[in-house]
Amino acid sequence: MSELTVNRIAAHARRLGLRLIAEDAAELIQRASDAQLGYADFLDLALGEEAAAKEDRRYASALRQAGLPHHKTLDDFDFAFQPGLDARKVRDLAALTFTARAGNAAFLGPPGTGKTHLACAIAVSAVTAGHSAYFTTLDDMVRKLRAADDTGDLNRQMRTYLRSSVLVIDEVGYLPLDRRDANLVFQVIARRYEKGSVIITSNKAFTEWGQVFTDEVLATAILDRFLHHCDVITIDGPSWRMRNQTMATTADKTVS
Ligand code: ADP
Ligand code: MG
């Protein structure tokens, strides 16, 4: 195999954006030669490896851009710890049929019950399936939108929350919002309505959203759009963070 040919293959591959072939042309040819591959099998090998490398890069980059606090999946979730949780409903969400119709999901429940874990796991599934995801807390989103609005840059910042196919808004309800903040949240929900999925986690029931968003009318307008196509999952069980204490208390009770 002439070095000139390998250099030319690498140059063509680079121009075509085939980074793996550009780097590894000589090695691929050697492997094909050692295995005495036919023409079709060699082309299949080279393009297959390139496609796999490209998918690895896409996955890594999409996961980085999603800004998730961790990359835990449903496999890391102990469903036995939350017997009240509808595991099938959660698995259906991770199978992503709801994103195809731009549906939404809500995880509601007290702290430590796995709401953020499950929302992130679904976002990871979305990225694995080739979609884009973006994670934010409500507080952070509102802070950034408000700052952008102050500098006349609202549209650009808004795009951050509109462009991904799945947007996770974590911790709705921890802090109450004023009317201006609530209006910014309304814009995100209204503009994503029937275009992209939103997954919300909250420690507040929907009936309490009037207080969270200060204004009942605005809260109703947000909920009306958000709940139109939405799977609501309520986790009304123990906190995972407290499980050792709970186990200790149970043990104490058993002893006494
Ligand atoms: P929440 O958002 O409801 O407050 P998190 O999702 O942040 O709760 O969960 C708190 C911690 O406990 C996280 O590290 C999470 O991975 C873990 N966790 C919660 N529930 C489970 C569970 N059922 N199985 C395994 N880990 C869990
Ligand atoms: Mg949480």
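No experiment lies behind these values; they were computed from the predicted model shown.

Draft legend 1. Summary view of the overall build of the protein chain. Helix and strand counts for the protein chain come out as 12 helices and 5 strands. Computed over C-alpha atoms, the radius of gyration of the protein chain comes to 24 Å, more than 25% over the 18 Å expected from 2.2 N^0.38 for 256 residues, which places it beyond the range of a compact globule. Seen through its principal axes, the protein chain has C-alpha atoms that stretch 75 × 60 × 30 Å. Looking at the 256 residues of the protein chain, the share that counts as buried comes to 40%. Sequence-distant contacts, at least 24 apart, represent 79% of the contacts inside the protein chain between residues at least 6 apart.

Draft legend 2. The arrangement of helix α2 (residues 19-34) in detail. The terminal C-alpha atoms of α2 lie 23 Å apart, and with 16 residues this matches the ideal 22 Å at 1.5 Å per residue to within 8%. Turning to α2, its buried residues are L20, I21, A22, A25, L28 and A32. Looking at the packing, one finds that the buried side of α2 touches α1 (3-15) and α3 (39-66).

Draft legend 3. Broad picture of the environment of K89. Relative to the assigned elements, K89 resides in helix α4 (residues 87-94). Classification of K89 as partly exposed rests on a relative accessible area of 30%. Separated by 82 residues in sequence, K89 and N7 place their C-alpha atoms 53 Å apart. With residues near it in sequence (within four places) discarded, K89 still touches D231, V232 and I233.

Draft legend 4. Here's a closer look at the site of ligand 1. Neighbouring ligand 1 are 14 residues, the closest being K72, G112, K115, T116 and H117. The side chain of T116 places a nitrogen or oxygen atom 2.8 Å from an oxygen atom of ligand 1. Within the contact set of ligand 1, an oxygen atom lies 3.2 Å away from a side-chain nitrogen or oxygen of R241. Judged by the proximity of its atoms to the pocket grid, ligand 1 belongs to the largest pocket. Residues of the shell around ligand 1, tallied by class, amount to 4 nonpolar, 5 polar and 5 charged.

Draft legend 5. Just the state of the cysteines, in detail. Taken as a whole, this structure holds 0 disulfides when the rule is applied. Not engaged in a disulfide, the cysteine C120 finds its nearest cysteine sulfur in C230; these two sulfurs lie 17 Å apart.

Draft legend 6. Structural context of helix α7 (residues 138-150). Here α7 is 13 residues long and its end C-alpha atoms lie 18 Å apart, about the 18 Å a rise of 1.5 Å per residue gives. Within α7 the residues assigned to the buried category are L138, M141, V142, L145 and A148. In a view along the axis of α7, the buried residues occupy a sector of 130 degrees, so they form one face of it. Along its buried surface, α7 packs onto β2 (133-137), α8 (154-162), β3 (166-172) and α9 (179-192). Positive backbone phi, approximately 70 degrees, marks G152, located one or two places after α7.

Draft legend 7. Summary view of empty space enclosed by the protein. Counted under the stated rule, the structure contains 1 cavity of 30 Å³ or more. Space inside the largest cavity adds up to approximately 30 Å³. Lining the largest cavity, in full, are N104, I189, R192, Y193, E194, G196, V198, R225 and F226. If you list the elements that add at least two residues to the lining of the largest cavity, you get α9 and α11 (216-228). For the lining of the largest cavity, the class distribution of residues is 4 nonpolar, 2 polar and 3 charged.

Draft legend 8. Structural detail: the layout of surface pockets. Of the volumes computed, that of the largest pocket is approximately 440 Å³. Contributing to the lining of the largest pocket are 20 residues, with G112, G114, K115, H117 and R241 lying nearest its centre. At the level of elements, α6 (115-128) and β3 are the ones that each hand at least two residues to the lining of the largest pocket. It is α6 that provides the largest number of residues to the lining of the largest pocket, a total of 3 residues. Classifying every residue of the lining of the largest pocket gives 5 nonpolar, 8 polar and 7 charged. One number sums up the size of the second largest pocket: a volume of about 170 Å³. Elements with a minimum of two residues in the lining of the second largest pocket: α3 and β2. The element contributing the most residues to the lining of the second largest pocket is α3, with 5 residues. Class assignment for the residues of the lining of the second largest pocket results in 4 nonpolar, 5 polar and 2 charged. For the lining of the second largest pocket, the domains that each give at least three residues are domain 1 (3-66) and domain 2 (74-234).

The rules behind each value
- Residues numbered from 1 in each chain as written.
- Chains lettered and ligands numbered in written order.
- Predicted model: local features only at pLDDT ≥ 70, side-chain atom pairs only at ≥ 80, totals over all residues.
- Heavy atoms only, no water.
- Helix = DSSP H or I, 4+ residues; strand = E, 2+ residues; numbered from the N terminus.
- Rg over C-alpha atoms; globule rule 2.2 N^0.38 Å.
- Buried < 20%, exposed > 50% of the residue type's maximum accessible area, 1.4 Å probe, protein only.
- Contact = heavy atoms within 4.5 Å.
- Expected span 1.5 Å × (residues − 1).
- Near = heavy atom within 4 Å.
- Polar contact = N/O pair within 3.5 Å; in protein donor to acceptor, adjacent residues only side chain to side chain.
- 1 Å grid on protein atoms, 1.4 Å probe; cavity = no way out; pocket = protein on both sides within 12 Å on 5 of 7 lines; lining within 4 Å.
- Sits in = over half its atoms within 2 Å of the grid points.
- Nonpolar A, V, L, I, M, F, W, Y, C, P; charged D, E, K, R; others polar.
- Disulfide = S-S within 2.5 Å.
- Arc of directions from axis to C-beta.
- Points joined across faces, edges and corners; volume = space filled by probe spheres on them.
- Domains from an automatic or database assignment.

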